[in-house]
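Chains, contacts and geometry: an overview
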Amino acid sequence: LEKRTTNEYLVPAQRLYDQLIRPIDPALVAHHVDTLVIVPDTVLRIVPFAALHDGRHFLVERYATAIAPSLRLIDPQPLAAGPPVALVAGISRSEDGFAALPQVLQEISAVHRIEGGKTLIDSGFTDASFAAALKGEPFNLVHIASHAEFSTDPQQTFILTHNGKLTMDELEAAIKYDEGRDSALQLLVLSACETASGDDFDDRIMN
């Protein structure tokens, strides 16, 4: 599924579709389902379900897909309706030994054009500026485009900022809905090479 430069990924994408989705296709159609909420276990947590393929279409072309790490983490209370207020951040230049990501500027521009809000780019995207922005304005959508690494070692799990590495503890503290933030975050997007990858460490942090 990770061989995106060729069509090789279509073989496992179709095989997984046949094993996981096709058996319930009749029920999905009969009940007019338009959104799938998937609670995967173990290695399935790193499978990009939206990329499963039925032979003609990707799953995401037929259904909106949402991945929930655990049913225990789902709050049944609906979020307050309101317009999206976006914080869009990213690193496009080479930082701390990581290669430049030239497409980040286009990505941030595209997201900002659609959602508006505030942008933190390159030297403007630091640990402190990120945390301050989230405390200062009621953002409900956060989109980060940068290098990231996820590992069994928490010290090696981070998102790259201009002045260092944003750990998962720091990210959680910045977006957490508490006395520092009086509005809940509705969507967090991590857009980077490694943000959909992981190992057994993911099982522990998700549980």
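Residues numbered from 1 in each chain as written. Predicted model: local features only at pLDDT ≥ 70, side-chain atom pairs only at ≥ 80, totals over all residues. Heavy atoms only, no water.

**Here's the deal with the packing of aromatic side chains**
The criterion, for reference: Any Phe, Tyr or Trp ring, taking Trp's six-membered ring, that has another such ring centre within 6.5 Å forms a pair; planes under 30 degrees apart are called stacked, those over 60 apart edge-to-face, and the others tilted. Counting from the N terminus, the helices are the DSSP runs of H or I reaching at least four residues and the strands are the DSSP runs of E reaching at least two. Three exposure classes are used, based on accessible area relative to the maximum for each residue type with a 1.4 Å probe and protein chains only: buried under 20%, partly exposed in between, and exposed over 50%.
For the structure on display, the rule yields three aromatic pairs. Ring geometry for Tyr9 and Phe58: centres 6.5 Å apart, planes at 15 degrees, overall stacked. One end of the pair, Tyr9, is in the segment before α1 (10–20); the other, Phe58, is in the loop between β1 (35–38) and α3 (59–62), and 49 residues separate them in sequence. Tyr9 sits in the buried class, given a relative accessible area of 18%. Judged by relative accessible area, Phe58 falls into the partly exposed class, the value being 25%.

**Quick look at the confidence of the model for the protein**
What counts, and what does not: You can read pLDDT as the predictor saying how much it trusts each residue, on a scale of 0 to 100. Only heavy atoms matter for contacts: two residues are in contact if any of them lie within 4.5 Å across the pair.
Taken residue by residue, the protein gives an average pLDDT of 82. The fraction at 70 or more is 81%. Under a pLDDT of 50 for its full length, residues 200–207 has, in the predicted model, 15 contacts with residues more than four places off or in other chains.

**Brief notes about the environment of Asn163**
Tracing the backbone through its elements, the reader meets Asn163 in the loop between β7 (158–161) and β8 (164–167). According to the relative accessible area criterion, Asn163 is partly exposed, its value standing at 47%. Each C-alpha atom of the pair Asn163 and Phe125 lies 8.1 Å from the other, and the pair is 38 residues apart in sequence. For Asn163, the contacting residues outside a window of four places in its chain are Thr126 and Asp127.

**Some details on the sheet that holds strand β9 (residues 187–191)**
The strands that make up a sheet pair up through hydrogen bonds in the backbone, lying either parallel or antiparallel. To keep things clear, this is the line we draw: Two strands form a pair only when DSSP identifies at least two bridges running between them. Axis definition: a line fit to C-alpha positions, over the contact stretch in the case of helices; interaxial angles, taken between N-to-C directions, run 0 to 180 degrees.
Taken in spatial order, the four strands make up an open sheet running β4-β3-β5-β9, and their pairing is parallel. Either end of the sheet is taken by a strand with one partner, and the two such strands are β4 (118–121) and β9. When strand polarity is set aside, the average angle formed by the axes of neighbouring strands in this sheet is 10 degrees. Of the strands in this sheet, β3 (86–90), β4, β5 (141–145) and β9 touch helix α4 (residues 103–115), which is tilted by about 175 degrees from β3.

**Observations regarding the pattern of salt bridges**
Two side chains bearing opposite charge may form a pair once their charged atoms approach each other closely. Where we set the bar: We count a salt bridge whenever a side-chain nitrogen from Lys or Arg sits within 4 Å of a carboxyl oxygen from Asp or Glu.
Going through the model one piece at a time under the given rule, you end up with three salt bridges. Here Arg22 ties to Asp18 by a salt bridge, and the two come within 2.7 Å at their closest N and O atoms. For Arg22, a relative accessible area of 36% puts it in the partly exposed group.

**Topic: α4**
Note the following rule: An expected span of 1.5 Å times one less than the residue number is assigned to each helix.
Here α4 is 13 residues long and its end C-alpha atoms lie 18 Å apart, about the 18 Å a rise of 1.5 Å per residue gives. Looking at the buried positions of α4, the neighbouring elements they touch are β3, β4 and β5. Positive phi shows up at Gly116, right after α4, with a value of about 70 degrees.

**Some points on the sheet that holds strand β6 (residues 148–149)**
In spatial order, the strands read β6-β7-β8; together these three strands make up an open sheet with antiparallel pairing. Unpaired on one side and paired on the other, β6 and β8 mark the two borders of the sheet. Here two bridges tie β6 to β7, and the two strands are oriented antiparallel to one another. Looking across to β7, one finds that Ala148 is bridged to Ile159. With respect to the sheet, helix α6 (residues 168–175) is in contact with β7 and β8, its orientation differing from that of β8 by roughly 65 degrees.

**Description of the environment of Asp96**
Mapping Asp96 onto the fold places it in the loop between β3 and α4. Classification of Asp96 by relative accessible area gives exposed; the value is 55%. Sequence separation of Asp96 and Leu160 is 64 residues, and the distance between their C-alpha atoms is 8.5 Å. Excluding its chain neighbours within four sequence positions, the residues that come into contact with Asp96 are Leu160 and Lys165.

**Considering α1**
Under the convention used in this document: Of all possible arcs, the one meant is that of the directions from the helix axis to the C-beta atoms.
Along α1, the residues classified as buried are Ala13, Leu16 and Tyr17. The arc enclosing the buried residues of α1, seen along the axis, measures out at 105 degrees, which places them on a common side. Summarising the contacts, the buried residues of α1 are in contact with α2 (25–30) and α3.

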